Amino acid sequence: RSSGINAEYGAVIVQVYCNFWNLDGHAYLNVDIQQEGNEEGGVASVENTHYNVYANTFYYEVMVPWDSTLGDKLVFAVKSSYQTGGDRNWYRLRVVGYIMD
């Protein structure tokens, strides 16, 4: 499925957002993000470890290198994840911007 990402971008910006609502919980997410087929162009590695968290949100952005000669799909390869503390705790990863080539 097409993501609608423009081929003229030099990078896309991916938001990493964690919403956490409890006491003494854990929120781990380690994921590599890259353009499909762009193994040599670069990978944005996210290593997100929140231990013994008490009701917080965490937000940051990573830039994923983009090659205009390849397709318009992102790959999110989860290396590891772990979450405790209830069903109101979650992560969201989404494209929120771009850098022109």
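Bear in mind that the values here come from a model prediction, so they are computed numbers and not experimental data.

Caption draft 1: Local environment of the packing of aromatic side chains. Summed over the entire model, instances satisfying the criterion amount to 4 aromatic pairs. Here the aromatic rings of Y9 and Y98 are separated by 4.0 Å at their centres, their planes lie at 5°, and the arrangement is stacked. Note that Y9 is positioned in strand β1 (residues 9–35) and Y98 in strand β4 (residues 90–100), a separation of 89 residues in sequence. With a centroid separation of 6.4 Å and an interplanar angle of 65°, the aromatic rings of Y17 and Y59 are classed as edge-to-face. Of the two residues, Y17 sits in strand β1 while Y59 sits in strand β2 (residues 44–65), which places them 42 residues apart along the sequence. Among the aromatic residues, ring-to-ring pairing joins Y17, Y59 and W90 into one connected group. Looking at R88, its charged tip hangs above the ring of W21, at a distance of 4.2 Å from the centre.

Caption draft 2: Just the environment of A44, in detail. Within the fold, A44 resides in strand β2. Residues A44 and F76, spaced 32 residues apart in sequence, show a C-alpha to C-alpha distance of 9.8 Å. Among residues more than four places away in sequence, those in contact with A44 are V31, D32, I33, V62, M63 and V64.

Caption draft 3: Seen up close, the pairing of β1. Burial within β1 is extensive, with 22 of its 27 residues counted as buried. Across 19 bridges, β1 lies against β2 in antiparallel orientation. Pairing of C18 across the sheet is with F58, part of β2. In the sheet, β1 pairs with strand β3 (residues 74–83) via 9 bridges, with the strands oriented antiparallel. The residue bridging Y28 from the neighbouring strand is Y82, located in β3.

Caption draft 4: Fine view of the side chain of N48. Here N48 lies in strand β2. Overall, N48 belongs to the buried group, its relative accessible area being 5%. There is a polar contact of 2.9 Å between the side chain of N48 and the side chain of H50. Separated by 3.2 Å, the side chains of N48 and Y91 make a polar contact. Excluding residues that lie within four positions of it along the chain, N48 makes contacts with V16, A27, Y28, L29, N30, Y60 and Y91.

Here is what the cut-offs are and how they apply
Residues numbered from 1 in each chain as written. Predicted model: local features only at pLDDT ≥ 70, side-chain atom pairs only at ≥ 80, totals over all residues. Heavy atoms only, no water. Phe/Tyr/Trp six-rings, centres within 6.5 Å; stacked < 30°, edge-to-face > 60°. Helix = DSSP H or I, 4+ residues; strand = E, 2+ residues; numbered from the N terminus. Lys NZ or Arg CZ within 6 Å of the ring centre and 35° of its normal. Contact = heavy atoms within 4.5 Å. Buried < 20%, exposed > 50% of the residue type's maximum accessible area, 1.4 Å probe, protein only. Pairing = 2+ DSSP bridges. Polar contact = N/O pair within 3.5 Å; in protein donor to acceptor, adjacent residues only side chain to side chain.

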